[in-house]
Amino acid sequence: MAGTMRRQGWENRLRMAWLAAAAAIVCAGEANAQFQSTPTSQSDRLSETRALATADALIVSAHQATSSVSRAIAARLAPVPAWGGMPPALAYAAEDKGSAWPGMTEGRSADTPAALLWNVWADANASWIDRDHPLFGNDGYLTTSSIGIDRRIGDRAVLGVVVNGEWSDLDTTFTAGKLETKGLGIGAYGGYALTDRIVADALVLWKGLESDVSNAAVRGSYASDRWIAAANLTGYLDLAAVRLAPSAGILWTREEQGAYIASNGAASPGTHVETAVVSLGTKAEYTLAIDAWRSVTPWLGLAAEWEVAASDGPLIGGARDGETDLDVRLSGGVNGQVSDRLSVALKADLSGLARSGHKVATAGAQVALRF
């Protein structure tokens, strides 16, 4: 009898323990479901997705736009190599040197005939962003296309306007979200040859963007205004048959992101993201002449970049991004002078060489025509 009662007591205790455990599991599940369905929490996830994806897209987009313009201006204003040879793509010069090719000595390169004051160019760039991090990770693509037209002003200056389109699709790791953006912008740019060996260029660009941010449960849409400003100073030094082009530059960009109402009714306020990057680097190139006007110029470049100012990133998983502000970019490409009027250029670069698990690979092409 006593044994039977003890056995029943243990059975009752086990039954109560199982019931308590089951109740705890149910309560935890209900709490998690309530969290997942709470509008505020879902809105927070979307806000985090927007912040995570924008951080990389902002700099990549600005770098694509400024490098396109700098490439076009360098082709117009870079001096002729001291050893003679061929003009660089879209060579620019004073009118009184219009018949100096081939074998021209050191000086500014020549537009021939002198009436070719205008230059129109178009290019496309595509970047793949890949950051491996449990909290701040994201990956995806960003592409831009630009069309520019500029005019020679006097002997040493170029002024132009550019139209720039952008498309991107980025996925975030921690929030399991997606940010899709498209937009169009317009800007003005210019270049000036301070001396026969030093060229300055600058760009101001505005973009209007439309973005969709989403995760598995909710989505939202908002509009943005993005500003980009950049200035660069480039020198040209000829060593035997190799040209070195050391440069220094500063890039600033800011995006004003609008408020939106998510699909679950939660409101997300507007915000802004801002950053500035200082760069210092050099490029080495070698021009191979084909005939009086055609040439091929392969080149390699290396630059150090320092993010000197940035908005505070979001709190993700209770932490802020502690990634280093320093980076190194490796680039290379080929410039080709097809005729006295037409040129093409191919370029690729890889950034993130000083950052662990965070790389951005970019490829681009540009075609230009003088008239």
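Owing to the predicted nature of the structure, the values given are computational and were not obtained by experimental measurement. (Residues numbered from 1 in each chain as written. Predicted model: local features only at pLDDT ≥ 70, side-chain atom pairs only at ≥ 80, totals over all residues. Heavy atoms only, no water.)

Visitor: Whenever I open this one, the environment of glycine 336 confuses me. Can you help?
Guide: With respect to the helices and strands, the residue glycine 336 is situated in strand E17 (residues 326-337). Separated by 41 residues in the primary sequence, glycine 336 and serine 295 place their C-alpha atoms 5.8 Å from one another. Residues in contact with glycine 336, not counting those within four places in the same chain, are Ser295, Ser343 and Val344. (Helix = DSSP H or I, 4+ residues; strand = E, 2+ residues; numbered from the N terminus. Contact = heavy atoms within 4.5 Å.)

Visitor: What should I look at first to understand the pattern of salt bridges in this one?
Guide: Opposite charge on two side chains permits them to pair, given that their charged atoms come into close proximity. Under the counting rule described, the total for this entry stands at 17 salt bridges. Of the charged contacts, one joins arginine 71 and aspartate 123 as a salt bridge, the two residues approaching to 3.4 Å between their closest N and O atoms. Pair noted here: arginine 71 is in helix H2 (residues 39-77) and aspartate 123 is in strand E3 (residues 118-131), with a separation of 52 residues, a long-range link. On the accessibility criterion, arginine 71 (13% relative accessible area) is buried. (Salt bridge = Lys/Arg side-chain N within 4 Å of Asp/Glu carboxyl O. Buried < 20%, exposed > 50% of the residue type's maximum accessible area, 1.4 Å probe, protein only.)

Visitor: Is there a simple way to explain the nonpolar core in this structure?
Guide: Soluble globular proteins: nonpolar side chains tend toward being buried together. Counting 21 residues, the largest nonpolar core has Trp121 and Tyr189 as its most contacted members. Breaking this core down by element, the ones donating at least two residues are H2, strand E5 (157-172), strand E6 (178-193), strand E7 (198-214) and strand E8 (219-235). The element best represented in this core is H2, accounting for six residues. Counting residues in each nonpolar core, the second largest holds 14 residues, with Ala53, Val213, Ala262 and Val360 among its members. (Core = buried A, V, L, I, M, F, W, Y, C linked by side-chain atoms within 4.5 Å.)

Visitor: Help me understand unusual backbone geometry in this model?
Guide: With the exception of glycine, most residues fall at negative phi, and the peptide bonds are largely trans. One non-glycine residue with positive phi stands out, namely alanine 176, at about 50 degrees. Residue classification places alanine 176 among the exposed positions, given a relative accessible area of 56%.

Visitor: Any chance you could explain the packing of aromatic side chains here in plain terms?
Guide: Aromatic ring pairs are described here by two measures, namely the spacing of the ring centres and the angle between the planes. Evaluated as defined, the whole model comprises three aromatic pairs. Measuring from centroid to centroid gives 5.8 Å for tyrosine 222 and tyrosine 260, while their planes differ by 25 degrees, and the two rings are stacked. Highlighted residues: tyrosine 222 in strand E8 and tyrosine 260 in strand E12 (residues 260-261), separated in sequence by 38 residues. This pair shows no difference in class: tyrosine 222 is buried, exactly as tyrosine 260 is. One Lys or Arg, arginine 50, reaches over the ring of tyrosine 222 and ends 4.5 Å from the middle of that ring. For the cation-ring pair, lysine 283 lies above tryptophan 299, with the distance from its terminal atom to the ring centre recorded as 4.8 Å. (Phe/Tyr/Trp six-rings, centres within 6.5 Å; stacked < 30°, edge-to-face > 60°. Lys NZ or Arg CZ within 6 Å of the ring centre and 35° of its normal.)

Visitor: Before we go on, may I ask you to explain the confidence of the model for the protein in this structure?
Guide: Note that predicted coordinates carrying low pLDDT should not be read in detail. The predicted model of the protein has a mean per-residue pLDDT of 82, with 75% of residues at 70 or higher. Here residues 21-39 is a poorly scored stretch, pLDDT under 50, and it has seven contacts once near neighbours within four places are set aside; other chains count. Within the model, pLDDT remains below 50 along residues 84-114, and this stretch shows 103 contacts once partners closer than five positions in the same chain are excluded. (pLDDT = per-residue confidence, 0-100.)

Visitor: Looking at this structure, how should I read a nonpolar patch on the surface?
Guide: Residues Val163, Leu184, Ile186, Val204, Trp206, Trp227 and Trp252 make up a contiguous nonpolar surface patch of roughly 640 Å² in combined accessible area. Breaking the nonpolar patch down by element, the ones donating at least two residues are E6 and E7. Along the chain, valine 204 falls in strand E7. Accessibility expressed as a relative area gives 46% for valine 204, which makes it partly exposed. (Patch = residues over 30% accessible without salt bridge, like charges linked within 9 Å, V, L, I, M, F, W, Y side chains within 5 Å. Areas by Shrake-Rupley, 256 points an atom, 1.4 Å probe, with all protein chains shown as cover.)

Visitor: Explanation requested: the side chain of threonine 275 in the structure shown.
Guide: With respect to the helices and strands, threonine 275 occurs in strand E14 (residues 271-285). Engagement of the side chain of threonine 275 in a polar contact is seen with the side chain of glutamate 307, the distance being 2.9 Å. (Polar contact = N/O pair within 3.5 Å; in protein donor to acceptor, adjacent residues only side chain to side chain.)

Visitor: Quick question: what am I supposed to make of the environment of valine 60 here?
Guide: Within the secondary structure, valine 60 is located in helix H2. Put simply, valine 60 and threonine 362 are 302 residues apart on the chain and 9.0 Å apart in space, counted from C-alpha to C-alpha. Among all residues touching valine 60, those that are not within four sequence positions of it are Ser127, Ile129, Leu142 and Val360.

Visitor: In this structure, what is going on with the pairing of E14? I would like to understand it.
Guide: For a regular strand, the rule is simple: side chains alternate between the two faces of the sheet. Relative to E14, strand E10 (residues 242-244) is paired through two bridges, and the arrangement is antiparallel. Looking at E14, one finds that leucine 244 is bridged to alanine 284. As paired strands, strand E11 (residues 247-257) and E14 are joined by eleven bridges and run antiparallel to one another. The residue bridging tryptophan 252 from the neighbouring strand is alanine 276, located in E14. (Pairing = 2+ DSSP bridges.)

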